[in-house]
Amino acid sequence: MASSTVSRTHPPRPAGRPAARPARRVRRHLPTSPWLFAAPGLLVTAVFVLYPFVSTVIDAFTDRRTLVPGHFVGLANFRELLHDDMFWTGLRNSVLYVAGTVPALVVLPLLLALLVRKNIPGITFFRSAFYTPVVASIVVVGLIWVWLLDERGLVNSLLQTIGVGRIGFLSDQWLLLVSAMAVTVWKGLGYYMIIYLAALAGVPRELHEAAAVDGAGAVRRFLTVTVPAVRSTMILVAALSSVAAFKVFSEVYLMAGPDGGPAGEDTTLVMLVQRTGTGLTGRVGYASAISLVVFAVTVILMLLVLRADRREDV
Amino acid sequence: MPMSRRTLAALALAALVLPLSACGSGGDGGGSGDASGKVEGDITFQTWNLRANYKDYFEDLIADFEKKYPGTHVKWVDQPAEGYADKISADAAAGTLPDVVNVSPDLLAPLAKAGLATDLDKAAAQYEKEYLPGAWDGQRIPGLPGTYAFPWYLNTGPMFYNKELFEKAGLDPDKPPTTYDALFADALQMAKKSKGKVATLGNVPTIEDFGRYGASLMNKDGTAFTFNDAKGVELLTKYKQLYDAKALDPQALTATPESTGKKFLTGAVAMNPGSALDLENFKKQAPSLYKNIGITDQITNTGHVNMYVMGLMVNAGTKHTPAAIAFAHFVTDAENQMAFAKKVAIFPSTAGSLDDPYFTKEDGTDVTRVRVAAAKSLKTAVNYTPVLFSDQMKTALRNEVAKALQGKESPKAALDNAVKACDRLLKQQG
């Protein structure tokens, strides 16, 4: 009680000195201040995210074309989707892409991170080498892989030398898709490796030591110590990579060509959006409907991953 | 003074909406299409991938125009070849289309239908007689009265072939095929002799191939496609035989003209269409191929080769219609087209220009041989690309052709499906 009284009393003013100017009071911020700080970001988001999104939702219910405003057509675009073989091909390929790349992108970067986290001479070189594909342009990467996998490319020349014969990596519908998946995994390894390295730094060394004392081998320690410790990071990686895989465009476009492989059989949903909605005769309304489906599936994917995370936490 | 919540909300809304207003289409109340006024004002001229090689020509051309018409100023913009249609569609949608635009007939069609191209039959009919009738007609859109662009340069391409590969296959390198039947026979022999290592062709048949083979492409009204007729099915059946025998490159189903061009350079493909420009390319990039290069006419069963037509469209929304029309005419008049033709291997669309000795007399070099032969064939050439054949239709045809070649569908079923898809797209275009 006494201390609070003391703290409230001003110190005695020395005699003969003029009264000091009262300390400048800090003005309470206006209620609008946070909004003013956030305004530039909000504006950019509104113009480049919100407006296009709302516009896409509206267009999905119209027959709008590139140069023709279009009319409200209700659910006609969505009904057409159900009967469009190319839409189902795109959906199948996008789902296959998720199934083919996500497990690899969850597991392989973790193993890679375990390899490069050790401080041994020259390890920085390997860390940089594994990260290089991440910073390389996807166009350059795609072209390099096209050259490698061409009928007369390096890979086929090697296969011919060992007597296997030429393999149509870029002419067979399924091999093309698998080749594109391989490029996605190869390019993404370094990025997710960095995320895992950060997570692994937080795993207490004592846990490994205790497991080792109990006689656990390297594989056992990986499964019972490392994996549970980085589980939430694995879920994050699964979420990020599945959304990216579902929206894949560049790898398939570069390797399978603008038509999406032979007879368009490697078309993904995002490629279909691009092909349908662009150009002077683009069907913007129909492409918007496909975009909404991509958006819905992406949200569902995220929810599923979050749900899995929550279930694990229980 | 503290801001009220309502004021704040109004400000936020204004901040949100004002920038968006720029996204709407502008340019309303543009040119009336009346070319009778004074030629003056600032106009923008857009070309299609021409700056890199012909910068000096266009700068001189613009300077000449500005000198002829004081008070005019021409801003020249050039767009890369790739994504040109996307650039035009973005500009058209945003109301920022340049005043004079370089277009091909298939790009012109949707722009004219959307009311963005000036009808020259109304605004500049007096110039019609200066051009070849076929070239002027090439700028008309089926189902739409009027002519929507000044004809600019014409082009046709010879067929290049690798004489060495022909010789190795036991074919006469001095007697290349000129009809489809001869081509198919030679291609099968080439594949057999090379054990499938050398394909004669690298691309699947396009709509122009169907035209040159003798298939009917559209009905007379331009309201439906007809390339699934007996001739069309016959062509695709023969291509299927080539594909099975590896006389058509196995990667043809995903190939682009550029990727096939590279295969021709490396000797993986024996024949490839091109233009006189390619000779220089062969000389630089594949000297050994250049020594063995053979040049022949386009393969055709109809006696007519395919002609590519370029045009200059005048934006219907231009604020300076007289200047835009005068400039488009200036660029495409006989004198300036002839000057351009002497810089690059193209052919003027102006009446009488092809009779110039430049296009009729050879000097013994390959370049003039190609030029003279092409100019001769242009006199009877046909633009086999239907004006209304959009990119989406091209994709639909390629996809169905690929299914037929893979054996997933019969040639007849594939072409029926392609025609059905193209007709649906045509209907949707309105």
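Residues numbered from 1 in each chain as written. Chains lettered and ligands numbered in written order. Predicted model: local features only at pLDDT ≥ 70, side-chain atom pairs only at ≥ 80, totals over all residues.

**A closer look at the domain arrangement of chain B**
Residues and elements named next belong to chain B.
Consideration 1: The domains assigned to chain B are domain 1 (41-155 + 307-378) and domain 2 (159-305 + 386-429).
Consideration 2: Using C-alpha coordinates to define each centre, domain 1 is positioned 29 Å away from domain 2.
Consideration 3: At the level of secondary structure, the elements contributing two or more residues to the side of domain 1 that touches domain 2 comprise helix 4 (105-113) and helix 17 (366-378).
Consideration 4: When residues in the side of domain 1 that touches domain 2 are grouped by element, the largest group, seven residues, is from helix 17.
Consideration 5: Among the residues forming the side of domain 1 that touches domain 2, the class breakdown is 10 nonpolar, three polar and four charged. (Domains from an automatic or database assignment. Helix = DSSP H or I, 4+ residues; strand = E, 2+ residues; numbered from the N terminus. Nonpolar A, V, L, I, M, F, W, Y, C, P; charged D, E, K, R; others polar.)

**A look at the sheet that holds strand 2 (residues 72-79) of chain B**
All names here are of chain B.
Consideration 1: Ordered in space as 2-1-3-10-6, the five strands form an open sheet in which the pairing is mixed. Across the chains shown, the open sheet's two edge strands, defined by having one partner strand only, are strand 2 and strand 6 (150-155). Each strand of the sheet is rotated relative to its neighbour by a mean of 20 degrees, with strand direction disregarded.
Consideration 2: On top of the sheet, helix 4 reaches strand 3 (100-103) and strand 10 (308-314); it is set at about 35 degrees to strand 10, its chief contact. (Pairing = 2+ DSSP bridges. Axes fitted to C-alpha atoms, helices over the stretch in contact; angles between N-to-C directions. Contact = placed C-beta atoms within 7 Å.)

**Quick look at the packing of helix 6 (residues 138-149) of chain A against helix 8 (residues 173-201) of chain A**
All names here are of chain A.
Consideration 1: Following both chains from N to C, one finds helix 6 and helix 8 inclined at 130 degrees, their axes separated by 11 Å at the closest point. Classified by the interaxial angle, the pair formed by helix 6 and helix 8 is oblique. Considering the relative orientation of helix 6 and helix 8, their crossing is right-handed. Taken together, the residues of helix 8 that come into contact with helix 6 (itself represented by Val-141, Gly-142, Trp-145 and Leu-149) are Ser-179, Val-183 and Lys-187.
Consideration 2: The residue makeup of the contact of helix 6 with helix 8, split by class, is four nonpolar, two polar and one charged. (Parallel < 35°, antiparallel > 145°, perpendicular 65-115°, else oblique. Left-handed = near helix turned anticlockwise from the far one by under 90°.)

**A closer look at the interface of chain A and chain B**
It is common to report an interface's size as the accessible area lost on association of the parts.
Consideration 1: Every contact between the two is made by 30 residues of chain A and, on the other side, 35 residues of chain B.
Consideration 2: No other element matches helix 2 (residues 33-59) of chain A, which puts six residues into the side of chain A that touches chain B.
Consideration 3: Residues that form the side of chain A that touches chain B fall into these classes: 14 nonpolar, 11 polar and five charged.

**A word on the pairing of strand 3 of chain B**
Residue and element names in this part refer to chain B.
Consideration 1: Side chains Val-100 and Asn-102 project from strand 3 onto one buried face, and the interleaved Val-101 and Val-103 project onto a second face that is buried too.
Consideration 2: Relative to strand 3, strand 1 (residues 41-48) runs parallel, the two being bridged by two bridges. Bridge pairing links Phe-45 to Val-100 in strand 3.
Consideration 3: Pairing of strand 3 with strand 10 involves four bridges; the strand directions are antiparallel. Within strand 10, the residue paired with Val-100 across the bridge is Val-314. (Buried ≥ 20, exposed ≤ 12 C-beta atoms within 10 Å, placed from the backbone.)

**Some details on the sheet that holds strand 8 (residues 271-273) of chain B**
Residues and elements named next belong to chain B.
Consideration 1: Spatially, 8-7-9 is the arrangement adopted by the three strands of the open sheet, whose pairing is antiparallel. Whereas interior strands pair on both sides, the edge strands pair on one side only; in this sheet they are strand 8 and strand 9 (293-296). Strand-to-strand twist across the sheet, computed as the mean angle between neighbouring axes with direction ignored, equals 25 degrees.
Consideration 2: In this structure, strand 7 (residues 159-162) lies alongside strand 9, joined through four bridges in antiparallel fashion. Along strand 9, the bridge assignment pairs Tyr-161 with Gly-294.

**Quick word on unusual backbone geometry**
Consideration 1: The phi torsion at Ala263(A) lies on the positive side, around 60 degrees, for a residue other than glycine.
Consideration 2: Mapping Ala263(A) onto the fold places it in the loop between helix 12 (250-256) and helix 13 (269-277).
Consideration 3: Although it is not a glycine, Lys195(B) sits at a positive phi angle of roughly 55 degrees.
Consideration 4: Relative to the helices and strands, Lys195(B) is located in the loop between helix 8 (180-193) and helix 9 (207-213).

**Focus: the pairing of strand 7 of chain B**
Residues and elements named next belong to chain B.
Consideration 1: Burial of strand 7 is two-sided: the residues Met-159 and Tyr-161 facing one way and the residues Phe-160 and Asn-162 facing the other way are all buried.
Consideration 2: Sheet analysis places strand 7 next to strand 8, joined by three bridges and oriented antiparallel. Within the sheet, the bridge partner assigned to Met-159 lies in strand 8 and is Pro-273.

**Some points on the confidence of the model for chain B**
Note: predicted coordinates in regions of low pLDDT should not be interpreted at a detailed level.
Residues and elements named next belong to chain B.
Consideration 1: Looking at chain B as a whole, its pLDDT mean stands at 87, while 91% of the residues score no less than 70.
Consideration 2: Mean pLDDT in chain B bottoms out at helix 1 (residues 5-21), which sits at 43, and peaks at helix 10 (residues 230-244), which reaches 97.
Consideration 3: Ignoring residues within four places in sequence, the model shows residues 8-32, a span with pLDDT below 50, making 25 contacts including any to other chains.
Consideration 4: Confidence estimates for the predicted assembly give a pTM of 0.80 and an ipTM of 0.77. (pLDDT = per-residue confidence, 0-100.)

**Things to note about the environment of Asn77(A)**
Consideration 1: As for its placement among the helices and strands, Asn77(A) is situated in helix 3 (residues 76-82).
Consideration 2: Residues within four places of Asn77(A) in sequence aside, it is in contact with Ala60(A), Gly285(A), Tyr286(A) and Ala289(A).

**Things to note about the nonpolar core**
All names here are of chain B.
Consideration 1: In terms of nonpolar packing, the biggest core is built from 126 residues, with Leu-108, Leu-111, Met-313 and Phe-327 touching the most fellow members.
Consideration 2: Among the elements that make up this core, the one with the highest residue count is helix 14 (residues 321-332) (eight residues).
Consideration 3: Of the residues that make up this core, three or more belong to each of domain 1 (41-155 + 307-378) and domain 2 (159-305 + 386-429).
Consideration 4: Beyond its immediate sequence surroundings of up to four residues, Leu-108 is in contact with Val-103, Ala-117, Gln-139, Tyr-148, Ala-149, Gly-311 and Met-313. (Core = buried A, V, L, I, M, F, W, Y, C linked by C-beta atoms within 7 Å.)

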